[in-house]
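Results of the structural survey
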Amino acid sequence: MKSNYDVVVIGGGPAGATFARVLAQRLPQLQIAIVDWKPKTGSKVCGGLLAPDAQKVLAQFDLNLPKSILADPQIFDVKTMDICSGITRNYQRHYLNMDRGAFDGWLLSLVPENVDIISGKCTEISRCEDGGFQVKIDTFSGNIRAKYIVGADGASSIVRRRFFRPCKKKYIAIQEHFADNTPDAPSYSCIYDPKTSDSCSWIIRKDGKLIFGGAFPQEGGRDAYEKQKERLQKKLQKAFREPILTEACQLTSPRSVRDFVLGKDGVFLIGEAAGFVSASSFEGISSAFLSGKYLADAFCGNPKKTLKSYKKATKKLRFKLFLKIYKMHILCCPALRWLIMKSGICSIDKYGEEKSEK
């Protein structure tokens with residue numbers, strides 16, 4: 001492993017892998033490294049669904065998912081449940097159900113061989129007198145130096161915490177895996193329960209397992225999760241068995257344009273580290289792809305205008321994610337959600353299934 005690089009990318013998820021892949025293909029002379037750390041479970045705490053926007057970006061990259069990444073079953077709709085009102089509706093959706101750990105590994109495998117992938121966790125970043133940076137990694141005895149730092153390390157980004165203001169609204173995502181002993185359960189459910197969280201939760205069937213998770217307040221999040229699980233079991237009249245696996249991580253949810261932070265003075269942010277995540281659904285893979293590509297494109301231009309070019313390229317993305325904030329306020333408002341679900345607008349009827357509502 002080298003000790004000096006032009007660009008060090010902190011985080012090897014969709015954002016970091018996309019940025020490194022595009023930049024290394026276009027400027028192979030650059031010395032690039034990705035510092036990639038994986039939790040013990042092997043992947044990020046998330047449902048593991050690839051939304052249509054992310055599928056579109058992959059198509060624009062001329063990339064197709066290997067069969068080994070897909071999980072069973074595939075999903076064509078979401079069953080939305082409001083625990084307090086008792087209303088349930090089905091809405092058509094087109095998600096790809098996948099193994100998120102395998103997906104991230106596949107994206108890293110696409111990065112050219114001239115990029116060094118360093119397995120380890122970044123523990124410290126400091127600015128040098130010459131304007132460069134020193135990066136300390138827990139698996140490396142010394143430090144590595146970089147001319148530029150790219151933070152692609154998600155909601156709890158050490159790069160963002162070190163150099164920029166954090167996103168104000170944060171949640172703890174808690175997710176448990178259970179044996180799937182309920183063949184009649186919907187493949188994908190979205191749950192709202194304002195008594196335990198002002199955000200949404202999910203149930204997803206995946207390769208013989210049932211995954212229940214959601215976004216909860218940072219203070220008392222575990223208790224809120226257990227209370228929601230208990231309330232959900234009463235509604236479904238079914239009990240979750242002993243969990244096979246329990247996971248938790250931090251999530252951010254942008255609330256204003258100030259939560260989108262792009263970079264400054266040789267430090268850049270992409271993906272969720274930059275605040276590029278949907279406030280209404282926490283979907284961030286499509287934004288990770290786009291922001292990674294946009295920053296790589298900006299690096300290929302005038303070095304003095306990299307940040308300006310990146311800001312210009314992400315203007316539409318930031319506006320789209322800003323609108324998601326308003327969508328979040330609508331969906332997470334009990335009264336407005338009741339009106340929408342009660343009306344049945346955009347919902348679909350399941351043959352042989354009655355709508356549950358009070």
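In this report, the structure presented in the accompanying data block is examined. (Residues numbered from 1 in each chain as written. Predicted model: local features only at pLDDT ≥ 70, side-chain atom pairs only at ≥ 80, totals over all residues. Heavy atoms only, no water.)

1. Comments concerning the packing of helix 6 (residues 285-299) against helix 7 (residues 306-313)
Where helix 6 contacts helix 7, the axes come no closer than 8 Å and their chain directions differ by 145 degrees. Helix 7 is crossed by helix 6, and the crossing has right-handed handedness. For the pair helix 6 and helix 7, the contacting residues are Ser291, Tyr294, Leu295, Ala298 and Phe299 in the first and Thr306, Ser309, Tyr310 and Ala313 in the second. The residue inventory of the contact of helix 6 with helix 7, partitioned by class, reads 6 nonpolar, 3 polar and no charged. (Axes fitted to C-alpha atoms, helices over the stretch in contact; angles between N-to-C directions. Helix = DSSP H or I, 4+ residues; strand = E, 2+ residues; numbered from the N terminus. Left-handed = near helix turned anticlockwise from the far one by under 90°. Contact = heavy atoms within 4.5 Å. Nonpolar A, V, L, I, M, F, W, Y, C, P; charged D, E, K, R; others polar.)

2. Some details on the pattern of salt bridges
By the definition in use, this model includes 16 salt bridges. A salt bridge links Arg222 to Glu176, with the shortest nitrogen-to-oxygen separation between them at 2.9 Å. Linking Arg222 in helix 5 (residues 221-236) with Glu176 in strand 10 (residues 170-179), this pair joins segments that are 46 residues apart in sequence. Judged by relative accessible area, Arg222 falls into the partly exposed class, the value being 36%. Judged by its relative accessible area of 2%, Glu176 is buried. (Salt bridge = Lys/Arg side-chain N within 4 Å of Asp/Glu carboxyl O. Buried < 20%, exposed > 50% of the residue type's maximum accessible area, 1.4 Å probe, protein only.)

3. Looking at the side chain of Ser197
Tracing the chain through its elements places Ser197 in the loop between strand 11 (188-192) and strand 12 (200-206). By relative accessible area, which is 5% here, Ser197 ends up buried. Among the polar contacts listed, one links the side chain of Ser197 to the backbone oxygen of Ala215, at a separation of 2.6 Å. Beyond its immediate chain neighbours, meaning those up to four positions away, Ser197 contacts Ala215, Phe216 and Gln228. (Polar contact = N/O pair within 3.5 Å; in protein donor to acceptor, adjacent residues only side chain to side chain.)

4. Remarks on the nonpolar core
The biggest cluster of nonpolar side chains holds 67 residues, and the ones touching the most others in it are Val8, Ile10, Phe19, Leu23, Phe103, Ile149 and Phe289. Looking at this core, the element that brings in the most residues is helix 6, giving 8 residues. Membership of the second largest hydrophobic core comes to 25 residues, among which are Val45, Ala215, Leu251 and Phe282. (Core = buried A, V, L, I, M, F, W, Y, C linked by side-chain atoms within 4.5 Å.)

5. Topic: helix 5
For helix 5, spanning 16 residues, the distance from its first C-alpha to its last is 22 Å, which sits close to the expected 22 Å at 1.5 Å a residue. Within helix 5 the residues assigned to the buried category are Gly221, Ala224, Tyr225, Gln228, Lys229, Leu232 and Gln233. Of the surrounding secondary structure, the elements contacted by the buried residues of helix 5 are strand 4 (75-82), strand 10, strand 11, strand 12 and strand 13 (209-217). Phi for Gln237, located one or two positions after helix 5, is positive at around 55 degrees. (Expected span 1.5 Å × (residues − 1).)

6. Things to note about the state of the cysteines
Under the criterion given, the structure shown has 0 disulfides. You can see Cys333 has no disulfide; the closest cysteine sulfur is in Cys332, sitting 9.1 Å from it. Residue Cys333 is classed as partly exposed on the basis of its relative accessible area of 25%. (Disulfide = S-S within 2.5 Å.)

7. Some thoughts on empty space enclosed by the protein
One pass over the full model with this rule turns up 1 cavity of 30 Å³ or more. In this structure, the largest cavity spans a volume of roughly 100 Å³. Along its surface, the largest cavity is lined by 13 residues, and Ala155, Ser157, Arg160, Cys167 and Thr252 are the ones closest to its centre. Elements represented by at least two residues in the lining of the largest cavity include exactly helix 4 (158-163) and strand 14 (245-252). Here the residues of the lining of the largest cavity sort into 4 nonpolar, 5 polar and 4 charged. (1 Å grid on protein atoms, 1.4 Å probe; cavity = no way out; pocket = protein on both sides within 12 Å on 5 of 7 lines; lining within 4 Å. Points joined across faces, edges and corners; volume = space filled by probe spheres on them.)

8. Overview of the pairing of strand 9 (residues 143-151)
Here strand 1 (residues 4-10) runs beside strand 9; their pairing, made up of 6 bridges, is parallel. Across the sheet, Tyr5 pairs through a bridge with Ala146, a residue of strand 9. Pairing between strand 8 (residues 133-137) and strand 9: 4 bridges, direction antiparallel. Note on strand 9: the bridge partner recorded for Lys136 is Asn143. Remark: 5 residues form the turn of the hairpin made by strand 8 and strand 9, two consecutive strands paired antiparallel. For strand 9 and strand 16 (residues 267-269), the ladder comprises 3 bridges, and the chain directions are parallel. When the sheet's bridge partners are listed, Val150 is paired in strand 16 with Phe268. (Pairing = 2+ DSSP bridges.)

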